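# An overview of the molecular structure
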Amino acid sequence: MHDDDATPDLIQEPRRWRDKGWTAQVIKNEDDEGWAVAMYLDGHAEPALVGPWTMGRDKKNPKPLDSSAFNTLVKTASEVIERHEQQLRAQLHKSLYVAQDGAWLKVNLDIVPSEDEPYAVLSAEDATGTRLAEVRVAPNYKLSKAAAEDWVAGGFQRPR
């Protein structure tokens, strides 16, 4: 590491390549005779991606890493992380629309994960995005159209 910053040094070795916040490490595939490559995002202990790696010409050793292969691996690993984050957001946020007095209201459920005390926030907003109500609910609260309609019709009282 450089003394003046916290960015890891550039590494360009046949089995280890570090650049752009990522490290590619070619490893022996424990399941068979081949090789695998693990992609680590800087600061993370677990790999974001592990996949098969090509054998070299001698059919015993792995093909050396190079700039082109590394860039492809970074792109693939970044896409894996992005899909995972999108899936997590989808699990933690739900929205639906209900009608009230001829107007559409958007009802949101946002789960706040926490090891100590997880909870969720149930909120409603009008067509302009103005928040009309917000209440804290259990993290396992089930948001359905019927539940949202009951909550709105009940004056946004905290659901039981």
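The model shown is predicted, which means the values in this text are computed figures rather than measured ones.

## Description of the environment of H93
Its place among the elements puts H93 in strand 6 (residues 93-100). Through-space distance from the C-alpha of H93 to that of D110 is 4.6 Å; in sequence the pair is 17 residues apart. Every residue in contact with H93, bar those within four places of it in the chain, is listed here: N108, L109 and D110. Polar contacts involving the side chain of H93 include one to the side chain of D110, which spans 2.3 Å.

## Considerations on helix 1 (residues 67-92)
Between its first and last C-alpha, helix 1 extends 37 Å over 26 residues, near the 38 Å set by a 1.5 Å rise per residue. All of the buried residues in helix 1 are A69, F70, L73, V74 and A77. Looking at the buried side of helix 1, the elements it contacts are strand 2 (16-19), strand 3 (22-28), strand 4 (35-41) and strand 5 (49-53). The distance from a side-chain oxygen at the start of helix 1 to the backbone nitrogen of S68 is 3.3 Å, and the residue carrying that oxygen is D66.

## Examining the sheet that holds strand 7 (residues 103-112)
Strand pairing within a sheet occurs via backbone hydrogen bonds; the two strands may be parallel or antiparallel. Spatially, the 4 strands line up as an open sheet ordered 6-7-8-9, and their pairing is antiparallel. Edge positions in the sheet fall to strand 6 and strand 9 (131-137), since each of these pairs with one other strand and no more. If you compare each strand with its neighbour and ignore which way they point, the axes differ by 20° on average. Strands in contact with helix 1 are strand 6 and strand 7; relative to strand 6, the strand with the most contacts, it is inclined by about 40°. Contacting strand 6, strand 7, strand 8 (119-125) and strand 9, helix 2 (residues 145-153) crosses the sheet at an angle of about 55° to strand 6.

## As for the pairing of strand 8
With respect to burial, strand 8 is a largely interior element, 6 of its 7 residues being buried. The pairing of strand 7 with strand 8 spans 7 bridges and is antiparallel. Across the sheet, the residue bridging to N108 is S123, located in strand 8. Between strand 7 and strand 8, which follow one another and run antiparallel, lie 6 residues. Hairpin remark: strand 8 followed by strand 9, antiparallel, with 5 residues in the connecting loop; positive phi at G129, about 90°.

Reading guide: rules and limits
- Residues numbered from 1 in each chain as written.
- Predicted model: local features only at pLDDT ≥ 70, side-chain atom pairs only at ≥ 80, totals over all residues.
- Heavy atoms only, no water.
- Helix = DSSP H or I, 4+ residues; strand = E, 2+ residues; numbered from the N terminus.
- Contact = heavy atoms within 4.5 Å.
- Polar contact = N/O pair within 3.5 Å; in protein donor to acceptor, adjacent residues only side chain to side chain.
- Expected span 1.5 Å × (residues − 1).
- Buried < 20%, exposed > 50% of the residue type's maximum accessible area, 1.4 Å probe, protein only.
- Pairing = 2+ DSSP bridges.
- Axes fitted to C-alpha atoms, helices over the stretch in contact; angles between N-to-C directions.

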